[in-house]
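Spelled out, the chains give:
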Amino acid sequence: MSKEAGRVTDAPVVGDDSRTTRALVGILRVGVALLWIENAGWKKPPDFTSLHKYATYAVDYPVFSPFTWVIEHVVLPHFTIFGWMTLLLEASLGAFLLVGLATRLWALLGVGQSLAIALSVLNAPNEWEWSYYLMILAHVALFASAAGRSFGLDGVLRPMWRASSNRVPQLLLRLS
Amino acid sequence: MTRSDALGQAALALGAAGVASPVFALSTSSNNNFVLVQSLGLVVFPALGLVAILGVVLAQRLFVVLAGAGFALAASVQLFQFGRSTNGLDGNGSTFSLLMAIGIGLLTVGLTPSIPPSDETA
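Residues numbered from 1 in each chain as written. Chains lettered and ligands numbered in written order. Predicted model: local features only at pLDDT ≥ 70, side-chain atom pairs only at ≥ 80, totals over all residues.

1. So, the interface of chain B and chain A
So, point 1. Opposite the 27 residues of chain B that make contact, chain A presents 24 residues.
So, point 2. For the side of chain B that touches chain A, the secondary-structure elements that each account for two or more residues are helix H1 (6–20) and helix H4 (93–111) of chain B.
So, point 3. For the side of chain B that touches chain A, the element with the most residues is H4(B), which contributes 11 residues.
So, point 4. Grouping the constituent residues of the side of chain B that touches chain A by class yields 15 nonpolar, 10 polar and two charged. (Contact = placed C-beta atoms within 7 Å. Helix = DSSP H or I, 4+ residues; strand = E, 2+ residues; numbered from the N terminus. Nonpolar A, V, L, I, M, F, W, Y, C, P; charged D, E, K, R; others polar.)

Here it is, written out as structure tokens:
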């Protein structure tokens, strides 16, 4: 929630809230959403074969030893659960960012998931490390601009959430 | 909820997204990971989208909620059938994600009470 001259507003958190700027922020949000939506497409249950290959990169080409230990001793032995969690998280990232609902929460989760991917594959052959840095930075931009307020449901619903005294709308107000 | 208020316009946009989703069937992408809308999905997406649009046009909020619930149900079915021999919607994880987006969006919009215009703050 941004404050202007002491007033709480629902305006996008960007320096210039012109329609063009809002449209560009909306395009960024939808573009990042499509990234996750497409990537939910190849995480195929029940064995998640392709995802398993990338997860083993964290062990074969370690980036950060504590993360490698977790992948080797916690994730890989229980890979089916991990595969479902990854599918659900990435599909949800795509869904919530696409419609712009609780966008700041999902932007933070996107930073976390992008970081996890980076720590898995950063040192693997034929990877361009800036791909993952850019993914992280794109989610930081979504968080900083409260991108769901630009052509997203956050922008539509925040006045109604503010008018409610219930906990859920008040929580959504903070997460948007 | 009407065509002229913000909630109605959001529901219209989400319903229109459902109606337009068969456009993904035209994709010729070789990687084939992007939203698969085919077979039964070619009916489910536009039919539920039309229900949402009708709800706004007729100012019947219940239709919007029912459409959202339908998309959410379809998303659940897709999630548990993806990767199995029985895949009713013939989709993948991307299809699940898009169904979830439209479903959660419509349910949220449909279940959020409107406030009088005078109470809305900029």
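2. Concerning helix H4 (residues 79–99) of chain A
So, point 1. Spanning 21 residues, H4(A) covers 30 Å between terminal C-alpha atoms, matching the ideal 30 Å at 1.5 Å per step.
So, point 2. Of the positions making up H4(A), those classed as buried are A:Gly83, A:Thr86, A:Leu87, A:Glu90, A:Ala91, A:Leu93, A:Gly94, A:Ala95, A:Phe96, A:Leu97, A:Leu98 and A:Val99.
So, point 3. Contacts from the buried residues of H4(A) go to helix H1 (19–40), helix H2 (49–60), helix H5 (103–121) and helix H7 (153–163) of chain A together with H4 of chain B.
So, point 4. Phi turns positive one or two residues past the end of H4(A), at A:Gly100, with a value near 70 degrees. (Expected span 1.5 Å × (residues − 1). Buried ≥ 20, exposed ≤ 12 C-beta atoms within 10 Å, placed from the backbone.)

3. Details of the environment of B:Leu89
Residue and element names in this part refer to chain B.
So, point 1. Structurally, Leu-89 can be placed in the loop between helix H3 (61–81) and H4.
So, point 2. As a C-alpha pair, Leu-89 and Leu-42 span 47 residues in sequence and 8.5 Å in three-dimensional space.
So, point 3. Those residues within four positions of Leu-89 in sequence are excluded, and the remaining contacts are Leu-40, Gly-41, Val-44, Ala-74, Val-77, Gln-78 and Thr-95.

4. Focus: the confidence of the model for chain A
So, point 1. Summary statistics for chain A give a mean pLDDT of 92 and a share of 90% for residues scoring 70 or more.
So, point 2. Taken element by element, the predicted model of chain A shows its lowest mean pLDDT in strand E1 (residues 2–4) of chain A (50) and its highest in H5(A) (98). (pLDDT = per-residue confidence, 0-100.)

5. What about the confidence of the model for chain B?
So, point 1. This prediction gives chain B a mean pLDDT of 90; 90% of its residues lie at or above 70.
So, point 2. Reported confidences for the modelled complex are a pTM of 0.91 and an ipTM of 0.91.

6. Quick word on the packing of H5(A) against helix H6 (residues 129–144) of chain A
Residue and element names in this part refer to chain A.
So, point 1. It is at 8 Å that the axes of H5 and H6 come closest, and there the two elements cross at 170 degrees. The angle between the axes of H5 and H6 places the two elements in the roughly antiparallel class. Contacts from Thr-103, Arg-104, Ala-107, Leu-108, Gly-110, Val-111, Ser-114, Leu-115, Ile-117 and Ala-118 of H5 reach H6 at Tyr-132, Met-135, Ile-136, His-139, Val-140, Leu-142 and Phe-143.
So, point 2. When the residues that make up the contact of H5 with H6 are grouped by side-chain class, the tally is 12 nonpolar, four polar and one charged. (Axes fitted to C-alpha atoms, helices over the stretch in contact; angles between N-to-C directions. Parallel < 35°, antiparallel > 145°, perpendicular 65-115°, else oblique.)

7. Looking at the environment of A:Pro169
Residue and element names in this part refer to chain A.
So, point 1. With respect to the secondary-structure elements, Pro-169 resides in helix H8 (residues 167–175).
So, point 2. It is 8.3 Å that separates the C-alpha atoms of Pro-169 and Arg-158, two residues lying 11 residues apart in sequence.
So, point 3. Excluding residues that lie within four positions of it along the chain, Pro-169 makes contacts with Trp-161 and Ser-164.

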